[in-house]
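The primary structure of each chain is shown beneath.
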Amino acid sequence: MLEIKPKIHESWYKMLKEEFEKDYFLQLKEFLLEEKKQYQIYPPGNQIFAAFDSTPFENVKVVILGQDPYHGPNQAHGLCFSVNTGIKHPPSLMNIFKEIENDLGIQYPKEGNLQTWAKQGVLLLNATLTVRAHQAGSHQKKGWEKFTDSIILNLSEKKENLVFLLWGNFAISKSLLINKSKHLILTSVHPSPLSAHRGFFGCKHFSKTNTFLQQKGIEPINWSI
């Protein structure tokens, strides 16, 4: 069996302790144990909760919501849209960097590891936290979405003046979990090459995020890598 206490930052564990004990999460753990016997799973087990370890609850300023971890070798490391240092930038990440360059004049970076954002308070949250190698969406609807919905609800209820960046229909659907009177929600199409030209490019979400934070007396995010 997996250990009873998941390896996750203490600030999050205190908040999610009851979630970890619910039937759906116990079933999710059983599913993952069976998957690991047969398949390569991404990200590695010690990085499944990396987004929470990098951005403790009290530090969260911005939430970027993805759907699934990358499913290629050495790509996923627990932060949505981010890849390990030295790994080629996937297309959606390339478009994110292009928009930042157009929006803020920050030069397109060499590396695609977004850890520097996470350390500043950007929670890089995938709705599903694991995936089977080379099979996109293979761990959807197994329980992760209930877990990550509870995180969004906790953030909405217990914090103020967060910025939620919701890109694409799936992410935008999560706006129903967020108190719009307390937080800023910015939405657009997904940065995927299939849709980026229909509204992601030119959305200026990165400068809008910093303008909002500064208006609330909160340190803005340095979006350079």
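Quick caveat, the model's predicted, so the values are computed rather than measured.

Conventions used here
- Residues numbered from 1 in each chain as written.
- Predicted model: local features only at pLDDT ≥ 70, side-chain atom pairs only at ≥ 80, totals over all residues.
- Heavy atoms only, no water.
- Axes fitted to C-alpha atoms, helices over the stretch in contact; angles between N-to-C directions.
- Helix = DSSP H or I, 4+ residues; strand = E, 2+ residues; numbered from the N terminus.
- Parallel < 35°, antiparallel > 145°, perpendicular 65-115°, else oblique.
- Left-handed = near helix turned anticlockwise from the far one by under 90°.
- Contact = heavy atoms within 4.5 Å.
- Buried < 20%, exposed > 50% of the residue type's maximum accessible area, 1.4 Å probe, protein only.
- Pairing = 2+ DSSP bridges.
- Phe/Tyr/Trp six-rings, centres within 6.5 Å; stacked < 30°, edge-to-face > 60°.
- Lys NZ or Arg CZ within 6 Å of the ring centre and 35° of its normal.
- 1 Å grid on protein atoms, 1.4 Å probe; cavity = no way out; pocket = protein on both sides within 12 Å on 5 of 7 lines; lining within 4 Å.
- Points joined across faces, edges and corners; volume = space filled by probe spheres on them.
- Nonpolar A, V, L, I, M, F, W, Y, C, P; charged D, E, K, R; others polar.

Draft legend 1. Representation of the packing of helix α1 (residues 10–20) against helix α6 (residues 144–158) in the model. Direction vectors running N to C along α1 and α6 enclose 135°, while the axes themselves pass 11 Å from each other. Viewed along their axes, α1 and α6 adopt a mutual orientation that is oblique. Of the two elements, α1 crosses α6, and the hand of that crossing is right-handed. Here α1 contributes W12, M15, L16, E19 and F20 to the contact with α6, which in turn contributes K146, F147, S150, I151, N154, L155 and K158.

Draft legend 2. Representation of the pairing of strand β2 (residues 62–66) within the structure. Across the 5 residues that make up β2, a large majority, 5, are buried. Of the two faces of β2, both are covered, the one formed by V62, I64 and G66 as well as the one formed by V63 and L65. Sheet topology note: the β2/strand β3 (residues 122–126) ladder contains 5 bridges and is parallel. Opposite V62, over in β3, you have V122 as the bridge partner.

Draft legend 3. The arrangement of the side chain of T148 in detail. Here T148 is to be found in helix α6. According to the relative accessible area criterion, T148 is buried, its value standing at 1%. Those residues in contact with T148, other than ones at most four positions away along the chain, are L125, N126, A127 and L129.

Draft legend 4. Broad picture of unusual backbone geometry. Omega for the peptide link from Y42 to P43 comes to -10°, which places this bond in the cis form. Along the chain, P43 falls in the loop between β1 (41–42) and α3 (50–54). The phi angle at K141 is positive, at roughly 60°, despite the residue not being glycine. Structurally, K141 can be placed in the loop between β4 (131–132) and α6. Assessed through its relative accessible area of 76%, K141 is described here as exposed.

Draft legend 5. Spotlight on the packing of aromatic side chains. Scanning the entire structure with this criterion turns up 23 aromatic pairs. Ring geometry for Y13 and F20: centres 5.9 Å apart, planes at 20°, overall stacked. For the pair Y13 and F20, one class covers both residues: buried. Between the aromatic rings of F20 and F147, the centroid separation amounts to 5.4 Å while the plane-to-plane angle is 35°, which identifies the pairing as tilted. Taken together, the residues F20 in helix α1 and F147 in helix α6 connect sequence positions 127 residues apart. On the accessibility criterion, F20 (4% relative accessible area) is buried. Under the relative-accessibility criterion, F147 is labelled buried at 0%. Connected via pairs of aromatic rings, a cluster forms that spans W12, Y13, F20, Y24, F25, F49, F52, F57, W144 and F147. Across from the ring centre of Y39, 3.7 Å away, lies the NZ or CZ of R132, which sits over that ring.

Draft legend 6. How the structure looks around the environment of V163. By secondary structure assignment, the location of V163 is in strand β5 (residues 163–167). On the basis of relative accessible area, V163 is assigned to the buried category, the value being 0%. Put simply, V163 and L184 are 21 residues apart on the chain and 4.8 Å apart in space, counted from C-alpha to C-alpha. V163 has contacts with K61, V62, V63, L184, L186, T209, F212 and L213, leaving out every residue within four places of it along the chain.

Draft legend 7. Fine view of the layout of surface pockets. Of the voids in this model, the largest pocket is the one considered here, and its volume is about 450 Å³. Every residue lining the largest pocket is counted, 27 residues in all, and those nearest its centre are Q67, D68, Y70, F81 and H190. For the lining of the largest pocket, the secondary-structure elements that each account for two or more residues are β2, α4 (91–104) and α7 (169–173). Considered class by class, the residues forming the lining of the largest pocket number 16 nonpolar, 10 polar and 1 charged.

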